Structures are given as structure tokens and as C-alpha cells.
Amino acid sequence: MTSVVDEASLQAHFDATVARKDRIEPRDWMPDAYRRTVVRQVAQHAHSEIIGMQPEGDWIGRAPSLRRKAILLAKVQDEAGHGLYLYSATETLGVSRQQLTEMLISGAQKYSSIFNYPTLSYADVGTIGWLVDGAAICNQVPLCRTSYGPYGRAMIRICKEESFHQRQGFELLMTMMRGTDEQRAMVQESVNRFWKPALMMFGPPDADSTNTEQSMAWGIKTHTNDELRARFIEMSAPQAEALGVTLPDNELDWDEFWAVVKGAGPCNQQRIAHRKQAWDDGAWVREAATAFSEKEQA
Amino acid sequence: MTGTRAEWPLYEVFVRGKRGLNHVHVGSLHAADDQMALRHARDVYTRRNEGVSIWVVRSEAITASSPDEKDPLFAPSGDKVYRHPTFYVIPDDVPHM
């Protein structure tokens, strides 16, 4: 039984831990709203990694060489791993893996809107590595110091691996830029399509971001959406120059962003349908493995 | 999925980075049994030569202390400063101490 007085002292202990930038660990007392916010953010992040396997996975069978195919396979496998690290972190807050998958499929929880855009050409594999993973790194590096311990530790592992993702993408684009006019045009066309959606990955402008202020007070987020977006734009400019591509302007259509978040993007239905099918098709495997384990123990 | 059995149990994963180091907790995963947990741990936590040995243990088998740092469990060591080498004042000119 927790009395009102006890709760006040627990809250004070929690506030003091966050204030000295110490970490909150799974079995610590935490306010319900903090728990809900971390679950929402980490689950969204986990779902993004899992759904993020699809746009690039589409190109594994059509990679132009064995080298590129091995790289792409390793990258997509990493995305699965990142999703698993983050699902584990979410589960420390008392949500089950099964509930998380069901909330993704039902639409109760979201994933990054970037993965609702299609990969129309092979250059998109490079652009996703360079810009999409680049934006993700920009967002994720500060999250290594987030206040929730398991989330920060998952981010440290992920950031170590993301660097490979970005570099392989940039190298792929560089190789194409050294090729034919047609290949160079393909890269530019891909960058044109992905630049603005990549900028939107940082979330709505600060003025419209309802969660930012509280998340920063709790140390879950350490920078605002606009700060990180500006940092990413600045970092990308010399990279675009080295590559020889022109970046589009930075005017963003937030109506498009909200439409994609709410389900009206080009691939929303396809992404969820694919995930649901994999989940349903895998049910007999999960059950068979459980049955085998029970039989072994009997 | 409704009507399916309960999900696979949770395992905690510990990896020895290289010979001579302790196994360190790296995260958790679900598996139907111990052998599957070991294989999943290899795929999830050692894709880049992060380990030479893996331990997996069912999470429910772990007994943990209370998370509160002020817990009386740790109080007995709080007032025993004489257990630390810096408690003892030795002249600077005494070598190898």
C-alpha cells in the first residue's frame, strides 16, 4: 500500500535522480506518465526498425552484385537486431512483446513516417543509408544519454552499428555518381524524393510538438526537434557537395507529414499488411517451438 | 493473435567479450527453450565478434535486490571507510605502497 505521503517522497526521489542526470532503471519507482511516455517513444522506435526492414528488403533480390547483396542483407539484419534491442528495453516497463506487435498491427502505436515512402530505384538503398540513417544517427546519438537506462544502453549498441549503415549508403551513391549520366540522374532523383521526408523524421516543429517539453524535463529527450533538424541540414550540406548532388530546399509540407502519420502515406497499408502476414504466418512456428519445449521438459 | 499459447519466455543474455573478461549483461530476448535462446543470443548480440562465450538464463530465475540505493541492504558497507586503502596515511617517501 502506497500512501499519498509515500508517493510524494518517491516522486521527490525520482525528480532528484533525473535532475542529477542519473539513470532511471526498470524496477525504480517512476510516475505513470513517465512510464507511458517512455513506452510510447521506445515502442515507436522499435516498430520503426522492424518496419524499416521492408523498403530496403525489397531490393535484396535485385542487388546488382554479390557484394552489394551481402551488405544489404547485413544491414537489414541489423535493423531486425535494433528492433529487438528496443523491444527488450520496452518490455522492462511491463509491456509484453506480443502486446507491442499487436499494437503495431492495429495502429495503436506508430512508427516513423519515413518508412511509408516507397523505394522506387536501387539508388534509394544508398539514399536511405546516407540520409535516412544519417538523420536517425543525428537523433540517436543524444539518446545514448537518455534518462531511462535500458533505452540509453540500447541506443549505444545501435549507434555503433548505424555508422556502417550510413557509410555503405554514401559509398553506394558515390559509386553511382562515378558511373554514367543515367546513374547520376538516378541518384539525384532519389535524393529529391527523400530529402524532405528525411527532414520530417525529426518530428513536427517545436511549436507543434506536444510531447517535447515534458520529455526534455524528464531527460528522455535532450534536444528539440528543430535543433536536431538544423544540425542535420548543416551536416548534410558538405556531404552533398562531395557527392555532387543538389539538395532540395528545406520548406516542409506539414500537412503531408500529418497525413502520412495518420495513415495516408503511399505505403502505410502495405507495410502493416506485410508485418501482419509475417506475424500470422509465423504463428505455427511459435506454437510448434513451444510444444517441442514442453515435450522436452515433460 | 488470440487463441495462441503464451509467448516464449524471456531470457537474459550475458556475453564474455574476450578471454580474461567477465561475462557482462547485454540485454534480453525471447526463446522457446535454452538452446534456442543461445542461438538467438548469437544472432542478436554478437553479429560483430562481440563475444567468445554466451550465457543465457531465464529472467524469472534471477533474484534481484531492491533497486533503491538507500536500501538497508547496502548500509553495512557505508560506514567502513577503513576497508579502502586511502583510509591509511603513509608518508609520501615510502616506496611501492
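Parameters at a glance
- Residues numbered from 1 in each chain as written.
- Chains lettered and ligands numbered in written order.
- Predicted model: local features only at pLDDT ≥ 70, side-chain atom pairs only at ≥ 80, totals over all residues.
- Heavy atoms only, no water.
- Helix = DSSP H or I, 4+ residues; strand = E, 2+ residues; numbered from the N terminus.
- Rg over C-alpha atoms; globule rule 2.2 N^0.38 Å.
- Contact = heavy atoms within 4.5 Å.
- Areas by Shrake-Rupley, 256 points an atom, 1.4 Å probe, with all protein chains shown as cover.
- Lys, Arg positive; Asp, Glu negative; His and termini not counted.
- Charge placed at Lys NZ, Arg CZ, Asp CG, Glu CD.
- Salt bridge = Lys/Arg side-chain N within 4 Å of Asp/Glu carboxyl O.
- Buried < 20%, exposed > 50% of the residue type's maximum accessible area, 1.4 Å probe, protein only.
- Phe/Tyr/Trp six-rings, centres within 6.5 Å; stacked < 30°, edge-to-face > 60°.
- pLDDT = per-residue confidence, 0-100.
- Expected span 1.5 Å × (residues − 1).
- Arc of directions from axis to C-beta.
- 1 Å grid on protein atoms, 1.4 Å probe; cavity = no way out; pocket = protein on both sides within 12 Å on 5 of 7 lines; lining within 4 Å.
- Points joined across faces, edges and corners; volume = space filled by probe spheres on them.
- Nonpolar A, V, L, I, M, F, W, Y, C, P; charged D, E, K, R; others polar.
- Buried area = accessible area lost by both parts, 1.4 Å probe.
- Pairing = 2+ DSSP bridges.
- Axes fitted to C-alpha atoms, helices over the stretch in contact; angles between N-to-C directions.

K.L.:
What is the right way to look at the overall build of chain B in this model?
P.N.:
From N to C terminus, chain B includes two helices and three strands. Ordered by position from the N terminus, the helices and strands of chain B form the series β-β-α-β-α. Taken against the 2.2 N^0.38 rule, which gives 13 Å for 97 residues, the C-alpha radius of gyration of chain B at 21 Å runs more than 25% over that of a compact globule. Its C-alpha atoms give chain B principal-axis dimensions of roughly 70 × 35 × 15 Å. Considering only contacts in chain B between residues 6 or more positions apart, those separated by 24 or more positions represent 43%. Carbon and sulfur atoms provide 56% of the accessible area of chain B, an area that totals close to 7,300 Å². Here chain B holds 12 positive side-chain charges and 13 negative ones, and the gap between their average locations is 9 Å.

K.L.:
When you look at the pattern of salt bridges in this model, what are you seeing that I'm missing?
P.N.:
Pairing is possible between side chains that carry opposite charge, provided their charged atoms lie close to one another. Residues and elements named next belong to chain A. In the structure shown here, the tally under the stated rule is 21 salt bridges over all chains. The salt bridge partner of Asp-181 is Arg-184, with a shortest N-O separation of 2.7 Å. In this pair, Asp-181 and Arg-184 are both assigned in helix α8 (residues 181–200), three residues apart and thus about one turn of the helix distant. In this structure Asp-181 comes out as exposed when scored by relative accessible area, which is 59%. Connected via shared salt-bridge partners are Glu-56, Lys-75, Glu-79 and Asp-133.

K.L.:
Quick question: what am I supposed to make of the packing of aromatic side chains here?
P.N.:
What characterises a pair of aromatic rings is the spacing of the ring centres plus the angle enclosed by the ring planes. Applying the stated rule across the entire model yields 12 aromatic pairs over all chains. On the basis of an interplanar angle of 80° and a centroid distance of 6.4 Å, the ring pair of Phe14(A) and Trp29(A) is categorised as edge-to-face. Placement of Phe14(A) in helix α1 (residues 4–19) and of Trp29(A) in the loop between α1 and α2 (32–51) is noted, with a sequence separation of 15 residues between them. Ring geometry for Tyr82(B) versus Phe87(B): centroids 6.3 Å apart, planes at 75°, classification edge-to-face.

K.L.:
How should the confidence of the model for chain B be read in this particular structure?
P.N.:
The predicted coordinates ought not to be read in detail in places where the model reports low pLDDT. Averaged over every residue, the pLDDT of chain B is 89; residues scoring 70 or more account for 92%. Of all helices and strands in chain B, the one with the weakest mean pLDDT is helix α2 (residues 75–78) of chain B (82), whereas strand β3 (residues 53–58) of chain B scores best (98).

K.L.:
Could you clarify how one ought to interpret the environment of Ala31(B) in this entry?
P.N.:
Residues and elements named next belong to chain B. Mapped onto the fold, Ala-31 is located in the loop between β2 (23–30) and α1 (34–45). When its relative accessible area of 0% is taken as the criterion, Ala-31 is described as buried. Spatially, the C-alpha atom of Ala-31 lies 49 Å from that of Phe-87, the residues being 56 residues apart in sequence. In this structure, Ala-31 is in contact with Trp-8, Pro-9, Tyr-11, Met-36, Ala-37 and His-40, ignoring residues within four places of it in sequence.

K.L.:
Can you walk me through helix α13 (residues 283–297) of chain A in this structure?
P.N.:
An ideal rise of 1.5 Å per residue puts 21 Å on 15 residues; α13(A) measures up with 21 Å between its terminal C-alpha atoms. Looking only at α13(A), the buried set comprises Ala283(A), Ala289(A), Thr290(A) and Ser293(A). The arc that holds the buried residues of α13(A), viewed along the axis, is 140°, so those residues lie on one side. When the buried face of α13(A) is taken as reference, the exposed residues oriented beyond 90 degrees from it are Trp284(A), Lys295(A) and Glu296(A). Along its buried surface, α13(A) packs onto α12 (268–281) of chain A together with α1 of chain B.

K.L.:
Explain empty space enclosed by the protein here, please?
P.N.:
Unoccupied space between atoms shows up once a probe the size of one water molecule is rolled over them. Evaluation of the coordinates by the stated rule reveals one cavity of 30 Å³ or more. Quantified by volume, the largest cavity comes out at close to 40 Å³. Looking at the lining of the largest cavity residue by residue, the class counts come to seven nonpolar, one polar and no charged.

K.L.:
Sorry if this is basic, but what is going on with the interface of chain A and chain B here?
P.N.:
It is common to give the size of an interface as the accessible area that goes away when the parts come together. In this assembly, 31 residues from chain A lie in contact with 26 residues from chain B. Carbon and sulfur atoms supply 45% of the area buried between chain A and chain B, which totals about 2,300 Å² over both sides. It is Arg27(A), Gln98(A) and Arg157(A) in chain A that bury the most area against chain B; as a group they hold 21% of the surface buried on that side. At the junction of chain A with chain B, the criterion picks out four salt bridges.

K.L.:
It is not clear to me how the environment of Ile137(A) should be interpreted in this structure. Could you clarify?
P.N.:
Residues and elements named next belong to chain A. Along the chain, the position of Ile-137 falls in helix α6 (residues 123–143). Ile-137 sits 38 residues away from Gln-99 along the chain, and the two C-alpha atoms are 28 Å apart. Beyond its immediate stretch of four places on either side in the chain, Ile-137 contacts Pro-142, Glu-162, Ser-163 and Gln-166.

K.L.:
Looking at this structure, I do not really get the pairing of strand β1 (residues 10–16) of chain B. What am I missing?
P.N.:
On a regular strand, one side chain projects to one face of the sheet and the next to the other, so that they alternate. Residues and elements named next belong to chain B. Across seven bridges, β1 lies against β2 in antiparallel orientation. Note that in β2 the partner of Phe-14 across the bridge is His-25. With antiparallel pairing between neighbouring strands as the criterion, β1 and β2 make up a hairpin whose turn holds six residues, including Gly-20 at a positive phi of roughly 100°. By the bridge criterion, six bridges tie β1 to β3 in an arrangement that is antiparallel. Looking at the pairing, Tyr-11 lines up with Arg-58 of β3.

K.L.:
Got a minute to help me understand the sheet that holds β2(B) in this structure?
P.N.:
Within a sheet, each strand pairs with its neighbour through backbone hydrogen bonds, oriented either parallel or antiparallel. Residues and elements named next belong to chain B. An order of β2-β1-β3 is seen for the three strands of this open sheet, with the pairing classed as antiparallel. The sheet is open, and its two edges are formed by β2 and β3, each paired on a single side. Averaged over all adjacent pairs, the angle separating strand axes in this sheet is 25°, with direction ignored.

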